2 protein chains.
Amino acid sequence: MGRKGEETRGRLLDATRDLIETGGYFGAGLNQVVAASGAPRGSLYFHFPGGKDQLVGESVRRAGREIGEAVRELAEAAPDAESLVAGVLGLLGDRLETSGWRKGCPVATVALEMAATSDPLHEVCSEVYGSWEGALRDRLAADGHPDPADTAVTVLALVEGALLLARAHRSREPLDRVTRRISALL
Amino acid sequence: MGRKGEETRGRLLDATRDLIETGGYFGAGLNQVVAASGAPRGSLYFHFPGGKDQLVGESVRRAGREIGEAVRELAEAAPDAESLVAGVLGLLGDRLETSGWRKGCPVATVALEMAATSDPLHEVCSEVYGSWEGALRDRLAADGHPDPADTAVTVLALVEGALLLARAHRSREPLDRVTRRISALL
DNA sequence: ATTAATATGTAGACCGATCTGTTATTCACA
DNA sequence: TGTGAATAACAGATCGGTCTACATATTAAT
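The paragraphs below set out a description of the structure included in this document.

## A closer look at the relation of the copies chain B and chain A
- Superposition record for chain B on chain A: RMSD 0.0 Å, screw rotation 180 degrees, translation along axis 0.0 Å. When the rotation and shift are considered jointly, the pair of chain copies conforms to a two-fold rotation axis.
- Residue by residue, 100% of the interface of chain B is reproduced at the interface of chain A, so both copies engage with the same surface.

Here is the structure:
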């Protein structure tokens, strides 16, 4: 695959991710994807012969990897788990607010829409959440936390839930309140 | 409005709620709504002249009221906040699993899809979450909890996040893990 | 070095299906 | 007989997906 091809492929994935994050699987029409990416319709099916499901699946996976890496970088600088979670909540809050409450979690909406419908997409979402859970669990275990597995899932649920409430209220207040209470879990 | 009219109106709202819960706003096509409810297409616009947004809005509000009442009943029987939250998580877990991972939170998916797009629907979701937060806060305050406002939002975020992860993994493990760690917050 | 041949990618018209919403007509009960 | 409600045909737009023609690279042969 040449340089040019790889580039439009990436533009398609980025545009899809953006639209998915705002309106989920059904909210991301392929017409909007090609319009936003600048790529023609034919190129979409050249790079993603599996159609919309492949496009969305790779897009979610890519976004999951990106966020995972960002969290890993934050984790290196954070002295303990508590400041790490606070940092993540702060980062996500900034991203959410500056995007006009559009950019929350790129996985959540698709996960909810597809939980009972599409097996391939459900698996992608499950794997992404699993990787985040694992990274968090490892960090907690390394810090000597007494209950790393349960606590990792609990913290992830807390972050996702706070992000959901923040979008629902169009306010970072839920994120701030959760940040204030996070220490009780760690 | 006569008896018959009220009945089909209710059937339309119930069918909409079911489809919304499974696939969100975009996942609930009006063709599916009329097919599931048995009502003809024209009746839909007779009872809901505001179209899909009115139908979905009233459906979300109705579902929010129902769940709020169910929680209130559970709260009367629960000796403390901890057993109340555990009861809610258990109830939601049962509902989720027996529905084949379809019925989670009837508000969440719509809230995420519409956070940045539709002002009326965003407000409905915000109000429903607000009412749940308020009920939880009052209970915590009545129990003499030191930090009812922050804790209420945190607990709601935790429940919503756990429900999201459970649907994403098609497993009640996240709900169980969160249940085990909830006491740290209360 | 130049040209032919092949693979890679672009481009957009087009298809049937489905989407939300409208309309005119008929039904049924008071 | 008059009004609340049911009914289904219909309209325009958009959906995901397919198709063929064209342009641009890359490779190979002369």
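## Some points on the pattern of salt bridges
Residues and elements named next belong to chain A.
- Overall, the coordinates contain 32 salt bridges over all chains when judged by the stated rule.
- The salt bridge involving Glu-58 is made with Arg-9; its shortest N-O contact spans 2.3 Å. You can see Glu-58 sitting in helix H4 (residues 52-77) and its partner Arg-9 sitting in helix H1 (residues 3-27), a full 49 residues away along the chain.
- By relative accessible area, which is 26% here, Glu-58 ends up partly exposed.
- Through salt bridges with shared partners, one network takes in Arg-17, Glu-21, Glu-66 and Arg-95.

## Examining the packing of aromatic side chains
Residue and element names in this part refer to chain A.
- Evaluated as defined, the whole model comprises four aromatic pairs over all chains.
- Summarising the aromatic geometry, the rings of Tyr-25 and Phe-26 are spaced 5.3 Å apart at their centres and angled 85 degrees between planes, so their arrangement reads as edge-to-face.
- Here Phe-26 falls in the partly exposed class, since its relative accessible area comes to 33%.
- Over the ring of Tyr-25 we find Lys-52, and its NZ or CZ is 4.3 Å from the ring centre.

## Concerning the interface of chain B and chain A
- Taken together, the contacts link 49 residues of chain B with 49 residues of chain A.
- There are six salt bridges connecting chain B and chain A.
- The salt bridge involving Arg-170 of chain B is made with Asp-119 of chain A; its shortest N-O contact spans 3.1 Å.
- There are 20 residue pairs in polar contact (both at pLDDT 80 or more) connecting chain B and chain A.
- Counting residues per element, the ones that place at least two in the side of chain B that touches chain A are helix H1 (3-27), helix H6 (108-114), helix H7 (119-142), helix H8 (148-169) and helix H9 (173-181) of chain B.

## Looking at unusual backbone geometry
Residues and elements named next belong to chain A.
- Phi at Trp-101 is positive, roughly 65 degrees, even though this residue is not glycine.
- Along the chain, Trp-101 falls in the loop between helix H5 (81-98) and helix H6 (108-114).
- Looking at Trp-101, the relative accessible area reads 15%, which means it is buried.

## Considering the packing of helix H8 (residues 148-169) of chain A against helix H9 (residues 173-181) of chain A
All names here are of chain A.
- Remark: H8 packs on H9, axes separated minimally by 7 Å, with the N-to-C direction vectors making an angle of 150 degrees. The orientation of H8 with respect to H9, classified from their angle, is roughly antiparallel. Contact residues: Leu-158, Ala-162, Leu-163, Leu-165, Ala-166 and His-169 in H8; Pro-174, Leu-175 and Val-178 in H9.
- Its residues placed into classes, the contact of H8 with H9 shows eight nonpolar, one polar and no charged.

Rules and cut-offs
- Residues numbered from 1 in each chain as written.
- Chains lettered and ligands numbered in written order.
- Predicted model: local features only at pLDDT ≥ 70, side-chain atom pairs only at ≥ 80, totals over all residues.
- Heavy atoms only, no water.
- Least-squares fit on C-alpha atoms with pLDDT ≥ 70 in both.
- Contact = heavy atoms within 4.5 Å.
- Salt bridge = Lys/Arg side-chain N within 4 Å of Asp/Glu carboxyl O.
- Helix = DSSP H or I, 4+ residues; strand = E, 2+ residues; numbered from the N terminus.
- Buried < 20%, exposed > 50% of the residue type's maximum accessible area, 1.4 Å probe, protein only.
- Phe/Tyr/Trp six-rings, centres within 6.5 Å; stacked < 30°, edge-to-face > 60°.
- Lys NZ or Arg CZ within 6 Å of the ring centre and 35° of its normal.
- Polar contact = N/O pair within 3.5 Å; in protein donor to acceptor, adjacent residues only side chain to side chain.
- Axes fitted to C-alpha atoms, helices over the stretch in contact; angles between N-to-C directions.
- Parallel < 35°, antiparallel > 145°, perpendicular 65-115°, else oblique.
- Nonpolar A, V, L, I, M, F, W, Y, C, P; charged D, E, K, R; others polar.

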